[in-house]
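# Observations on chain architecture
This is what each chain is made of:
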Amino acid sequence: MTFQWTAVAAFLYGEIGVILVLCLPFISPLRWQKIFMIPLWSKVAVFWNKMFLTIIVLLIVLFLDAVREVKKYSSIHVNEKAANVNTNAFDHIQMKLFRSQRNLYLSGFSLFLWLVLRRTVTLLTQLAKGMTAHAALETQVNDATEAAKKYMAENERLQEALSEKGSGKKKDSAEGTDEKLKKEVEHLKAELQKTSNALNKANNEVAAVKKQSEGLRKEYNHLMKEYEQLQGSLNEADKKDL
C-alpha cells in the first residue's frame, strides 16, 4: 500500500473512532459544546471550513483516481482472461484489480464519513444551543411565576388594608349617600312623569291615526263597490251592443 492510501486508511479509521465517540449516549451535547468552546478548538475552528473543503477535494480526487484504476484493470483482467496468458501475469493483474477496488472503498467511505462527521458536529452544536435556550426559558418562567405570586400576595395585603380603612369611613359617608339617593329618586320620578306624559300623548296620536285609517278603509270599500257596479253596467252595455 502506497503512502497516500495508507494515509487515507488511517484517516478512515480515525473518522470511525471520532464518530463512535460522538455517538456515546452518556456524553451530553452540553458537554460537547463545552469541549468545542476550549481555546484550542476555537483556534482550529477559524480554519475549519477551509480544512473541510480541502479534505473534501482531496478525497474526491483520490476517489476518482480509484474509479479510473478499477476500470483500467477490470478491462485488462477481462482481456487477459480471454487470451489465456501466463498464470503469473494474470495473478499480477488480479492483484492490481484488488488493490484498486480496495482503494475505491477506502476513498469512498472516507468521503462519506467525513460528510457524516461534519453533520454530526453541526447537529450536536445546534442541540446544545437549543438545550441552553430551553434551560434559560425555564429559568425565566420560574422567575416570572415567583414574581407573579409575590405581586398577588402584596395585592391581597393592600386590599385588606383598604377594606379596614374603608370600614371606618362607612358611618361618615352614610348620610351623604342617603342624600344622594334621595336626589336621584326625585330625579327619576320627574323623568318618569315626563315619560308617562309622552306615552299618553303617543297613545292619543295612535288612536287618532286608527280612526283615520278606519275612515279610509270604509271609503275604500265604498269606492270598490261603486267600481264593481260600474264594471257590471259596462259589461251589460257591451253585451247589448253585440
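Bringing the overall build of the protein chain into the picture now. Secondary structure assignment for the protein chain yields 5 helices and 0 strands. The secondary structure elements of the protein chain, listed N-terminal to C-terminal, are α-α-α-α-α. Here the protein chain, with 242 residues, has 16% of them falling under the buried criterion. Looking at the protein chain alone, contacts between residues at least 24 apart form 82% of all its contacts between residues at least 6 apart. As presented, the protein chain carries roughly 19,500 Å² of accessible surface, and 63% of it is formed by carbon and sulfur atoms.

Counted as a void, the largest pocket has a volume near 290 Å³. Lining the largest pocket are 12 residues, with F36, W41, A45, V121 and T125 positioned closest to its centre. Listed by contribution, the elements that provide at least two residues to the lining of the largest pocket are helix 2 (29–36), helix 3 (39–46), helix 4 (48–83) and helix 5 (87–241). Here the element with the most residues in the lining of the largest pocket is helix 5; it accounts for 4 residues. Within the lining of the largest pocket, the residues separate by chemical class into 6 nonpolar, 5 polar and 1 charged.

Now for the pattern of salt bridges. Applying the stated rule across the entire model yields 2 salt bridges. The partner of R68 in a salt bridge is D65, and the shortest N-O contact between them spans 2.9 Å. Placement of both R68 and D65 in helix 4 is noted, with a separation of 3 residues, approximately one turn of the helix. Taking relative accessible area as the criterion, D65 reaches 26% and is therefore assigned partly exposed. Classification of R68 as partly exposed rests on a relative accessible area of 43%. Each of D65, R68 and E69 takes part in one network of salt bridges that share partners.

Applying the stated criterion to the full structure yields 2 aromatic pairs. Centroid distance F11 to W114: 5.3 Å. Interplanar angle 50 degrees. Geometry classified as tilted. Taken together, the residues span a long stretch of sequence, with F11 in helix 1 (residues 3–22) and W114 in helix 5 at a distance of 103 residues. Residue classification places F11 among the partly exposed positions, given a relative accessible area of 25%. Between the aromatic rings of F52 and W114, the centroid separation amounts to 5.7 Å while the plane-to-plane angle is 25 degrees, which identifies the pairing as stacked. One end of the pair, F52, is in helix 4; the other, W114, is in helix 5, with 62 residues separating them in the sequence. The class for F52 is buried, based on a relative accessible area of 11%. Members of the aromatic cluster, joined through ring pairs, are F11, F52 and W114. One cation-aromatic arrangement involves R118 over F52; the distance from NZ or CZ to the ring centre is 4.5 Å.

This paragraph deals with the environment of F98. Along the polypeptide, F98 turns up in helix 5. Exposure remark for F98: the relative accessible area of 53% places this residue in the exposed category. The spatial distance from the C-alpha of F98 to the C-alpha of V70 is 8.4 Å, given a sequence separation of 28 residues.

What follows deals with a nonpolar patch on the surface. A surface patch of nonpolar side chains, about 390 Å² in accessible area, is lined by I35, I38, L40, V44 and M51. Look at I38 and you get partly exposed, because its relative accessible area is 37%.

Once that is clear, we can look at the nonpolar core. The biggest cluster of nonpolar side chains holds 25 residues, and the ones touching the most others in it are L22, W32, W114 and L117. Among residues more than four places away in sequence, those in contact with W32 are V21, L22, I27 and L124.

For helix 1, which comprises 20 residues, the first-to-last C-alpha distance of 28 Å matches the rise-based estimate of 28 Å (1.5 Å per residue) to within 8%. Among all positions of helix 1, only W5, V8, A9, L12, E15, I19 and L22 are buried. The arc enclosing the buried residues of helix 1, seen along the axis, measures out at 155 degrees, which places them on a common side. More than 90 degrees from the buried face of helix 1, the exposed residues found are F3, Y13 and L20.

What counts as what
- Residues numbered from 1 in each chain as written.
- Predicted model: local features only at pLDDT ≥ 70, side-chain atom pairs only at ≥ 80, totals over all residues.
- Heavy atoms only, no water.
- Helix = DSSP H or I, 4+ residues; strand = E, 2+ residues; numbered from the N terminus.
- Buried < 20%, exposed > 50% of the residue type's maximum accessible area, 1.4 Å probe, protein only.
- Contact = heavy atoms within 4.5 Å.
- Areas by Shrake-Rupley, 256 points an atom, 1.4 Å probe, with all protein chains shown as cover.
- 1 Å grid on protein atoms, 1.4 Å probe; cavity = no way out; pocket = protein on both sides within 12 Å on 5 of 7 lines; lining within 4 Å.
- Points joined across faces, edges and corners; volume = space filled by probe spheres on them.
- Nonpolar A, V, L, I, M, F, W, Y, C, P; charged D, E, K, R; others polar.
- Salt bridge = Lys/Arg side-chain N within 4 Å of Asp/Glu carboxyl O.
- Phe/Tyr/Trp six-rings, centres within 6.5 Å; stacked < 30°, edge-to-face > 60°.
- Lys NZ or Arg CZ within 6 Å of the ring centre and 35° of its normal.
- Patch = residues over 30% accessible without salt bridge, like charges linked within 9 Å, V, L, I, M, F, W, Y side chains within 5 Å.
- Core = buried A, V, L, I, M, F, W, Y, C linked by side-chain atoms within 4.5 Å.
- Expected span 1.5 Å × (residues − 1).
- Arc of directions from axis to C-beta.

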